[in-house]
Amino acid sequence: MVGPTLVTGAAGFAGGHLLDLLAARGDTTAIVAWHRPGGEAPRDVPGVTWQAVDLLDKPTVVRAVGDIRPVAVYHLAGATHVGRSWSSTEATFAVNVRGTHHLIEALRDVARDAKFLIPSSALVYAPADEPLCEDHPLRPANPYGLSKLAQELVGAGNRDGPQVCIARPFNHIGPGQDPWFVTSGFARRIADIEAGRWPPEIQVGNLDAERDLTDVRDTVRAYTLILDKGMPGRPYNVCSGQAVSIRHVLELLLARARVRIRVAIDPARYRPN
């Protein structure tokens, strides 16, 4: 792709794996990676230039985009934790919706031909016990899903702006994920127990919930395919097509543990819905 590529949220879980993929492909003239000011120092990635940019600071976003003039944007920055969205609803909407608006407005002024990927979420759909296609009814059941649907509308509703492609990823897991998420949280707790840092017990919430799980490295590869070949404005599900219960995931991890571990239900870990 001729011209700079911008990756927001590049210091995050999916963003880090996307950087590795783009750097390995070497098919862009430059990669600029944004991270949150005051966050952890970003790691060195060959061919990547890091910048600290607050997406809620519109003048800073406008100046930074004007300097870069990207031809492709992967907008991976945002609030990502569903459970936290119940207690941090305002912050979730600010980052996911207003931050996206600032970025699209800046691109409209200096790079309106850029291709722009919004990684939305499967949580924009109404809950169901069947496979979800892209035309499934949209009815988010939590603040996070609602913020992602609003983010989609910001992207799809822009006029004379960048070409917006929409990905709707289901749950993705893999190396480097924050232990606040269920699969990585189980793995971290088991590792702590094996090392003697925690009593041999895991407290859990609803183990009967079923999720479609995809390796994050496949998820970000799908992002590049959607931006390269996707139709602007059309959503694309990013998933495996198979749902597994959280109980099954935990059983797989416990079967590989080197010590015997008890499982205890903690009602406080259930989400409001």
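Look a little higher up for the structure.
Treat the numbers as computed from the prediction; the structure is a model and nothing was measured.

### Quick look at the nonpolar core
Item 1. Ranked by size, the top nonpolar core spans 24 residues in total, and within it Val-7, Leu-18, Leu-19, Tyr-74, Leu-117 and Tyr-223 carry the most contacts.
Item 2. For this core, the secondary structure elements donating two or more residues are helix H1 (13-25), strand E2 (30-35), strand E4 (72-75), strand E6 (163-169) and helix H7 (216-229).
Item 3. Leave out the neighbours within four places in its chain, and Val-7 touches Leu-18, Leu-19, Leu-22, Ile-31, Val-32, Ala-33, Trp-34 and Tyr-74.
Item 4. Counting residues in each nonpolar core, the second largest holds 21 residues, with Ile-68, Leu-107, Ala-111 and Ile-166 among its members.

### Concerning the packing of aromatic side chains
Item 1. Overall, the coordinates contain 0 aromatic pairs when judged by the stated rule.
Item 2. Note that Arg-189 overlies the ring of Trp-198, its terminal NZ or CZ placed 3.7 Å from the centroid.

### Regarding the side chain of His-75
Item 1. By the element assignment, His-75 lies in strand E4.
Item 2. Each residue touching His-75, except ones within four places of it in the same chain, is listed here: Thr-8, Leu-55, Gly-99, Thr-100, Leu-103, Phe-116, Leu-117, Pro-119 and Gln-151.

### Considering helix H4 (residues 89-110)
Item 1. Counted at 1.5 Å a residue, the expected span for H4 with its 22 residues is 32 Å, and the 32 Å between its end C-alpha atoms agrees.
Item 2. Roughly 25 degrees is the biggest bend found in H4, and it falls at Val-95.
Item 3. Among the residues of H4, Thr-92, Ala-94, Asn-96, Val-97, Gly-99, Thr-100, His-102, Leu-103, Ile-104, Ala-106, Leu-107 and Arg-108 are the ones counted as buried.

### So, the sheet that holds strand E11 (residues 243-245)
Item 1. Pairing within the open sheet is mixed, and its 3 strands lie in the order E7-E9-E11. If you trace the sheet from one side to the other, it starts and ends with strand E7 (171-173) and E11, each paired once. Strand-to-strand twist in this sheet, taken as the mean axis angle between neighbours without regard to direction, amounts to 55 degrees.
Item 2. Pairing of strand E9 (residues 210-215) with E11 involves 3 bridges; the strand directions are antiparallel. Along E11, the bridge assignment pairs Glu-210 with Ser-245.
Item 3. Relative to the sheet, H7 contacts E7 and E9, its axis offset from that of E9 by approximately 75 degrees.

So, how was this worked out
Residues numbered from 1 in each chain as written. Predicted model: local features only at pLDDT ≥ 70, side-chain atom pairs only at ≥ 80, totals over all residues. Heavy atoms only, no water. Core = buried A, V, L, I, M, F, W, Y, C linked by side-chain atoms within 4.5 Å. Buried < 20%, exposed > 50% of the residue type's maximum accessible area, 1.4 Å probe, protein only. Helix = DSSP H or I, 4+ residues; strand = E, 2+ residues; numbered from the N terminus. Contact = heavy atoms within 4.5 Å. Phe/Tyr/Trp six-rings, centres within 6.5 Å; stacked < 30°, edge-to-face > 60°. Lys NZ or Arg CZ within 6 Å of the ring centre and 35° of its normal. Expected span 1.5 Å × (residues − 1). Bend = angle between axes of the 7 residues up to and from the residue. Pairing = 2+ DSSP bridges. Axes fitted to C-alpha atoms, helices over the stretch in contact; angles between N-to-C directions.

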